[in-house]
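# Chain and residue survey
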Amino acid sequence: MKRRGVSLAELSLVFMAVVVFLAAAVCSAAKIRQAASAQRVIEELNAIAAAGSRYYSEHGAWPASLADLRPGYLAQRSTAVNPFGGEYSITSNAFSLSVSTLLPKGLASGKSCGSEVVVTNQGDNDLISITTSPETRNWKLKYEKKYIYKE
């Protein structure tokens, strides 16, 4: 007698494999979303630092808060809170402006963010900060002129 169809054991094995693959996909998607949000935070820090530099160029002093940068230097839609709930803060002295915020631990590292970004461990969170000064706006590029002669 020929057997038609699948047994309950075979069906449950296939179902378990599908559930494992779906769980892995959901977990991976969540990590990708977190990484994208962390990159957005870095971009917002850069935008705030650039706005602070423009403010300094026009006023001769660093902004005291994010409110000083709105609406002339930052977009109205920009918020004072990052996607993870940490607030952006500005600290300045006579020579530089530092913009910082907190991210969940492990989402950003100094290597992944670039040379201007400093990542400091703060327990369960990482403090991400960017410091700018009037001198950093000049790139100070060096190059050599090379001539190519055809013979």
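## What to know about the nonpolar core
By size, the foremost hydrophobic cluster in this structure holds 22 residues, and its most contacted members are Leu45, Ile48, Leu66, Leu69, Ile90, Val99 and Ile128. Among the elements of the structure, helix H1 (8-59), strand S2 (97-104) and strand S4 (125-132) are those that each provide at least two residues to this core. Broken down by element, this core gets its largest block of residues, 8 residues, from H1. Aside from chain neighbours lying at most four places away, what touches Ile90 is Ile48, Pro63, Ala64, Ser65, Leu66, Leu69, Leu97, Ser98 and Val99.

## As for the sheet that holds strand S3 (residues 117-122)
On the basis of which strands lie adjacent, the open sheet formed by 4 strands has the order S1-S2-S4-S3 and antiparallel pairing. In this open sheet, the two edge strands, each paired with only one partner strand, are strand S1 (89-92) and S3. The mean angle between the axes of side-by-side strands here comes to 25°, regardless of whether they run parallel or antiparallel. Relative to S4, S2 is paired through 8 bridges, and the arrangement is antiparallel. In the strand pairing of S4, Val99 is matched with Ile130.

## Regarding the packing of aromatic side chains
On inspection of all chains with the given rule, the structure shows 2 aromatic pairs. Note on Tyr55 and Tyr73: the rings are 5.4 Å apart at their centroids and 70° apart in plane angle, and the pair reads as edge-to-face. Placement of the pair is Tyr55 in helix H1 and Tyr73 in the loop between H1 and S1, with a sequence separation of 18 residues. Note on Tyr73: relative accessible area 16%, which makes it buried. For the pair Tyr56 and Trp62, a centre-to-centre distance of 4.3 Å together with 25° between the ring planes defines the contact as stacked.

## Section: the pattern of salt bridges
With the rule as written, the count across this model stands at 1 salt bridge. Residue Arg40 pairs with Glu44 through a salt bridge whose shortest N-O separation is 3.2 Å. With Arg40 and Glu44 both in helix H1, this residue pair falls 4 residues apart, about one helical turn. Overall, the relative accessible area of 41% leaves Arg40 in the partly exposed class.

## What to know about the pairing of S2
Most of S2 sits inside the fold, with 6 of its 8 residues counted as buried. In the sheet, S1 pairs with S2 via 4 bridges, with the strands oriented antiparallel. Pairing of Ile90 across the sheet is with Val99, part of S2. The antiparallel hairpin formed by S1 and S2 contains 4 residues in its connecting segment.

## Description of a nonpolar patch on the surface
Taken together, Val6, Leu8 and Leu11 make up a surface patch of nonpolar side chains, about 350 Å² in accessible area. Within the element layout of this structure, Leu8 appears in helix H1.

## A look at the confidence of the model for the protein
Mean pLDDT for the protein: 79, with 83% of residues reaching 70 or above. Across residues 136-143, where pLDDT falls below 50, the model places 2 contacts with residues more than four positions away in sequence or in other chains.

## A short note on the side chain of Ser98
Relative to the assigned elements, Ser98 resides in strand S2. Excluding anything up to four places from it in sequence, Ser98 contacts Ser89, Ile90, Thr91, Ser129, Ile130 and Thr131.

## Section: H1
With 52 residues, H1 should cover 76 Å at 1.5 Å per step; its first-to-last C-alpha distance of 75 Å lies within 8% of that length. Positive backbone phi, approximately 75°, marks Gly60, located one or two places after H1.

What counts as what
Residues numbered from 1 in each chain as written. Predicted model: local features only at pLDDT ≥ 70, side-chain atom pairs only at ≥ 80, totals over all residues. Heavy atoms only, no water. Core = buried A, V, L, I, M, F, W, Y, C linked by side-chain atoms within 4.5 Å. Buried < 20%, exposed > 50% of the residue type's maximum accessible area, 1.4 Å probe, protein only. Helix = DSSP H or I, 4+ residues; strand = E, 2+ residues; numbered from the N terminus. Contact = heavy atoms within 4.5 Å. Pairing = 2+ DSSP bridges. Axes fitted to C-alpha atoms, helices over the stretch in contact; angles between N-to-C directions. Phe/Tyr/Trp six-rings, centres within 6.5 Å; stacked < 30°, edge-to-face > 60°. Salt bridge = Lys/Arg side-chain N within 4 Å of Asp/Glu carboxyl O. Patch = residues over 30% accessible without salt bridge, like charges linked within 9 Å, V, L, I, M, F, W, Y side chains within 5 Å. Areas by Shrake-Rupley, 256 points an atom, 1.4 Å probe, with all protein chains shown as cover. pLDDT = per-residue confidence, 0-100. Expected span 1.5 Å × (residues − 1).

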